[in-house]
Structures are given as C-alpha cells and as structure tokens.
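# Breakdown of the fold
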Amino acid sequence: MAVEIPSRQLFIDGEWKEPVLKKRIPIINPATEETIGDIPRATAGDVKIAVEAARRALARNNGKDWSSAPGATRAKYLRAIASKINERKTELAKLEAMDSGKPLDETVSDIGEVVSCFEYYAGLAEGLDAKQKTPVSLSTEKFKTHVLKEPVGVVGLITTWNYPLLMAAWKVAPALAAGCTAILKPSELASVTCLELAEVCINVGLPPGVLNILTGLGNEAGAPLSTHPDVDKISFTGSTLTGTKIMAAAAQSVKPVALELGGKSPIVVFDDADMEKAVEWTCFGICSSGGQTCSSTSRLIVQESIAMEFVNRLEDWTKLIKISDPMEEGCRLGPVVSKGQYEKIFKYLEGARSAKAKVLYGGNRPENLKKGFFIEPTVVTEVTCAMKIWREEFLGPVLCVKTFNTEEEALDLANDSPYGLGAAVMSKDLEKCERFAKGVQAGVVWINCSQPSFIQAPWGGYKRSGFSRELGEWGLELYLNIKQVTEYVSDQPYGWFEPPPPS
Ligand code: NAD
C-alpha cells in the first residue's frame, strides 16, 4: 500500500525553513513516471544560513552542549534517533521504495541497517572518552606526549540516491558521534527519507543546528556547501566526476575531503566454483538495487570451460526475477531511479551494439510494463577491454562478460579498470581465492559472495573509486582530528641556550 509523501521544508537550526528562493523540485515515482510530491530546492543563501547554524551549535556553551560533551551525551541522541526510525521503519521503507524505485524488501532491509548504524555509532561515541589522552611512547624521558581526538568541526555531507537514507546514515551517525555538527545534502533524485530524518531529529529534541538538512541540486546546493569557507571538511559519496570537482575546489583552502566514488567491479568465476551458488551471487551482484550499487559486480569474468553453461544458467535465474512496481510483493527488480539513468543505460547498450558486442539477452523494457524506467536483466558478451560498456560505470542491471583461461589472466582482467571499489571471486579453492584477494586492486573483496557490507567493517575504494574508509572505527576517524599534546617533565632546564647571569 502506497503512503503519502509528506510535504517538507529545509531543516535548518532545528526548524523547518522555506528555501530563500522559495523554489521546489518535483519528485517523480520511477515506477509510474508520475509526480508524487516535491522537495525544497536550497541554494547558496540557504547553505550560508545552515552553516552559520552548525557553527553556533558547535560552539554553544563553549562546546559543552555538543562538541566537547561526554560521548555518552551524544550517544543518547543517536540511540533516540535509531529508536524513532525503527518505529517508523515500514513507512520509511515505503517512502524510499516510491522515491527511488528500489524493491520494498530492499528498502525494509536498508532502513533496518540505518537503525543499526545509528546504534553502532552510539556505542563508539560512548567509547570515545576512554580513548582520550592516549599516551605516546617516546625515546626520551624529558617529555610526555599524549593524543587528543577532537571533532573536525562543521562538516558537509553530500550523498547519493542509491541507498538514500543509508548513505546519509553512514556519514551522519559517525559525524555526530565524533561531536561534529553537520549539513547533509542528499541527492535531488531521492531525498524524501532524508527529510524524514529531520522530522526524527525534531522528535528526539536534537539540539538546534547539530544536523541541518538541505535538499537541492548539486550545482546550486552541493557546490556552495563544498566551497564554503566555514565548512571544515566535506564527506562525499557520488560519482567520480563530481568527486574530482569537490576535491579540486577543496584544494584551494586545503579543506580535507573524504571521497566514496564510482565503481565497475569484477566478479571472477573459476571452473571449480559451486555453479548454483556462483550464479545466484552473480545475479545478486548485478540485480540487487537494480544494479545501481556503487559496488555492483557488473563485469563477469568467467573461466572459458564453463562460460556457456554459466551464462545459460544465469539466464534461467534472471527469467524468474519478479520485475514490477517496487511496492508489489515479491518484487526483486524495480525501475532504475530516473529518466536520465534509464536513457543512459540504453545509450551504453546502443554503443556496445555498434562496437560489435552482443546483447545476449535482456536489453529491453519488460513487455508487461508500459510505464516506468524498467529494464530487463541484461547480459552483454563479445566485449573487448576497450569498450565503454566494459570500462565505464553507468549503473543498471547490465552485466558484461569476458572469459579467461588462467588465474593470471583472470586477475589482469579484474584489474583492468580505472576503478577499484569491490571485487568478487568464486571458487572452492580457498588458497586461490586468497591469492586473488591479495592481487586485486579493490577496497572490498568478496569470496564466494558479492555485495554484503557490514557496519563494523571498513568500506571504501582504491584507484578512482576514492580513498577514504567509512563504517567501523574507520568511519568515526573520518570526523576526528588528532591533536598531539607534549609536556616537558624534566627537573632540569632545557639547556639549549647559555643562561644569562642572575639579574
Ligand atoms: P553525483 O556525483 O551526480 O551526485 C552525488 C551528490 O553530489 C548529489 O547529492 C548531487 O546533488 C551532488 N553534486 C552534484 N554536483 C555537485 C557539485 N558540483 N558540487 C557538490 N555536490 C554536487 O552522483 P549520483 O549519480 O547521485 O550517484 C551515483 C554515484 O555514486 C555512482 O558513481 C556510484 O558508484 C557512487 N556511489 C559510491 C558509493 C561508495 O561507497 N563508493 C556509494 C554509493 C554511490
């Protein structure tokens, strides 16, 4: 059952505020192509007000209210947010399915992860105080040194549409746990649940300005946020192209950035893999979230001797996938998020066809779905390493296939990419899998599976997929500055200069 999309404003300084320019952006349901509501469209003026609010919140009561309050104080709010989201789990999952096109079963699971993420970082916030004043062992006894961990300050958090509330939670929860104050700028393509996070913050009485949420376009709201001189750090998840712009802009003021960018992840299947399990994980790796996960394993590298059988079996599995409105029970593949994304996929398929690749199956709108940005699971063979469809990320349920004969060849093909986010390997020979895990240039490696991620484990890329690590303790460190404190403890004068005679 569909739910009504709440009409919201920007969330600044603990209150709903109409955008300075009073503009809004329509929300299109990707399954029906209908406009189902709208979101506020923030611009530079709103960014300015939000950054000022976040600065005030950081310094309020000399920091004692938030940034230098005991971790347990902030943990209380994080747990309250988790609990409130959990209460609204079903409704939020429905909103996200309608907004993004992700199957309801997936958004239910994603919202569950959001709850766990806030709870997890509440735990780390509580543990933070005990980690203060960690002594550093020195090579002299004349000095004593310890380390303080302090919040980075005001942080700008810019996120994407493929896991709308979850990507926000991966940043908001550790940033607040660390004692930062934040401005979240979700993707204009799926902001609905992030605006509901604002409502949750109001419900739990989060101090004003600690979290501000600005919806809007990248160039109008994201860019002024990332260049604002009073923003101390930008944490960004999105495309590599936007990431380079953010990094270049940040370089002007030596503003630190955390970047989680695109991918074109390989899945390598050896002939000794368990066929059925490998086929299901391959299917999951390219069809979950409509193949629109940054780490979707969109390059299948399969051993020549089993390639035909594997691809045929994959077709058997994909034929049974229920493609439908994401709200329908049992849906496993919804529409892609937007018209722009939809057209992009067909452009890549056209390009591949004209470069003499073969669309083995799929590549069309399912016959029974006349409206919506739906595309069948698609397998493309006869691909060369020079083809755009092999090299470039475009996100969608489209799998390119190449074959190999030797282990070395498989690794070379896997590493033949400017990206390095995820990589999967399927084989019963665990030593072979470990060799692959060491050799592959990727920040996340899956052995005999593809895609699972865990709040406790680090997430991030190699090469042009970015360089930061979110989640786990690494995710908290992104929002902490390290301060060295050194004390001279010797009874003797330092003795570098000749002391003058007593006056
Ligand atoms: P995008 O780069 O177009 O947009 C991401 C965010 O940046 C949006 O909020 C957008 O409004 C904003 N933005 C756009 N231009 C900006 C600018 N000039 N300055 C500041 N902000 C700007 O990416 P997208 O299409 O929303 O997301 C898909 C991309 O995200 C894919 O490349 C995917 O692989 C990547 N992604 C990566 C991870 C990861 O963990 N590495 C996770 C999810 C998605």
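These figures come from a predicted structure and were not determined experimentally.

With that settled, consider the confidence of the model for the protein chain. Looking at the protein chain, the pLDDT average stands at 97 and 100% of residues meet or exceed 70. Overall fold confidence for the complex sits at a pTM of 0.97, while the interface term, ipTM, reaches 0.97.

Attention now moves to unusual backbone geometry. Positive phi, normally seen in glycine, also occurs at Asn61, with a value near 55 degrees. Turning to its location among the elements, Asn61 is positioned in the loop between helix 1 (44-59) and helix 2 (71-87). Given the relative accessible area of 44%, Asn61 is considered partly exposed. In this model, Asn62 sits at a positive phi of 55 degrees, which is unusual for a non-glycine residue. Within the secondary structure layout, Asn62 lies in the loop between helix 1 and helix 2.

Moving on, we come to the packing of helix 2 against helix 4 (residues 104-128). At a minimum axis distance of 8 Å, the contact between helix 2 and helix 4 shows a crossing angle of 170 degrees. Classified by the angle their axes make, helix 2 and helix 4 are roughly antiparallel. Contacts between helix 2 and helix 4 involve Gly71, Ala72, Arg74, Ala75, Leu78, Arg79, Ile81, Ala82, Ile85 and Asn86 on the former and, on the latter, Ile111, Val114, Val115, Phe118, Glu119, Tyr121, Ala122, Gly123, Ala125, Glu126 and Leu128. Residue classes in the contact of helix 2 with helix 4 are distributed as 14 nonpolar, 3 polar and 4 charged.

Attention now goes to the sheet that holds strand 19 (residues 444-447). Read from one edge of the open sheet, 7 strands run 14-15-16-13-12-18-19, paired in mixed fashion. Two strands in the sheet have a free side with no partner beyond their single neighbour: strand 14 (358-361) and strand 19. With strand direction ignored, the average angle separating the axes of adjacent strands in the sheet is 25 degrees. As paired elements, strand 15 (residues 378-381) and strand 16 (residues 398-404) share 3 bridges and run parallel to each other. Looking at strand 16, one finds that Val380 is bridged to Cys400.

Definitions and limits used
Residues numbered from 1 in each chain as written. Predicted model: local features only at pLDDT ≥ 70, side-chain atom pairs only at ≥ 80, totals over all residues. Heavy atoms only, no water. pLDDT = per-residue confidence, 0-100. Helix = DSSP H or I, 4+ residues; strand = E, 2+ residues; numbered from the N terminus. Buried < 20%, exposed > 50% of the residue type's maximum accessible area, 1.4 Å probe, protein only. Axes fitted to C-alpha atoms, helices over the stretch in contact; angles between N-to-C directions. Parallel < 35°, antiparallel > 145°, perpendicular 65-115°, else oblique. Contact = heavy atoms within 4.5 Å. Nonpolar A, V, L, I, M, F, W, Y, C, P; charged D, E, K, R; others polar. Pairing = 2+ DSSP bridges.

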